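A closer look at the structure
So you can see what is in the structure, the chains are spelled out below.
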Amino acid sequence: MNPQETTSANSIAETIVAVLPGLPEKEQVYILGYMAGIAAAHAIREETTRAS
């Protein structure tokens with residue numbers, strides 16, 4: 001990720017974390033799982049790019 005993408009991603013993550021406590025547990029788990037999937041996809045993409 002370039003610095004601009006990182007800043008944007010961090011801002012989005014901070015916003016999501018701020019509203020999580022107000023959501024029902026089921027929605028919190030869903031959102032955190034979704035975020036973990038996105039993070040994993042980015043890590044795989046970076047490793048693939050670095051390897052080629």
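Residues numbered from 1 in each chain as written. Predicted model: local features only at pLDDT ≥ 70, side-chain atom pairs only at ≥ 80, totals over all residues. Heavy atoms only, no water.

Description of the overall build of the protein
From N to C terminus, the protein includes two helices and zero strands. Along the first, second and third principal axes, the C-alpha set of the protein runs to 45 × 20 × 5 Å. Counting across all 52 residues of the protein, residues that qualify as buried make up 2%. Accessible area for the protein stands at about 4300 Å²; split by element, carbon and sulfur atoms hold 64% of it. (Helix = DSSP H or I, 4+ residues; strand = E, 2+ residues; numbered from the N terminus. Buried < 20%, exposed > 50% of the residue type's maximum accessible area, 1.4 Å probe, protein only. Areas by Shrake-Rupley, 256 points an atom, 1.4 Å probe, with all protein chains shown as cover.)

A short note on the pattern of salt bridges
Scanning the model with the defined rule gives two salt bridges in all. For Glu46, the salt bridge is made with Arg50, and the minimal N-O distance between the two is 3.9 Å. With Glu46 and Arg50 both in helix 2 (residues 25–51) and four residues apart, this pair spans about one turn of that helix. Residues Arg50 and Glu47 are paired through a salt bridge, measuring 2.9 Å at the closest nitrogen-oxygen approach. (Salt bridge = Lys/Arg side-chain N within 4 Å of Asp/Glu carboxyl O.)

Concerning the environment of His42
Assignment of secondary structure puts His42 in helix 2. It is 28 Å that separates the C-alpha atoms of His42 and Gly22, two residues lying 20 residues apart in sequence.

Topic: a nonpolar patch on the surface
Residues Tyr30, Tyr34 and Ile38 make up a contiguous nonpolar surface patch of about 380 Å² in total accessible area. With respect to the helices and strands, Tyr34 occurs in helix 2. Residue Tyr34 is classed as exposed on the basis of its relative accessible area, which comes to 54%. (Patch = residues over 30% accessible without salt bridge, like charges linked within 9 Å, V, L, I, M, F, W, Y side chains within 5 Å.)

Some details on the environment of Gln28
With respect to the secondary-structure elements, Gln28 resides in helix 2. Take Gln28: its relative accessible area is 22%, and that puts it in the partly exposed class. Sequence-wise, Gln28 and Val17 are eleven residues apart; in three dimensions their C-alpha atoms are separated by 9.3 Å. Those residues within four positions of Gln28 in sequence are excluded, and the remaining contacts are Leu20, Pro21 and Leu23. Side-chain polar atoms of Gln28 contact the backbone oxygen of Leu23, separated by 2.9 Å. (Contact = heavy atoms within 4.5 Å. Polar contact = N/O pair within 3.5 Å; in protein donor to acceptor, adjacent residues only side chain to side chain.)

Nothing here speaks to function; it is all geometry.
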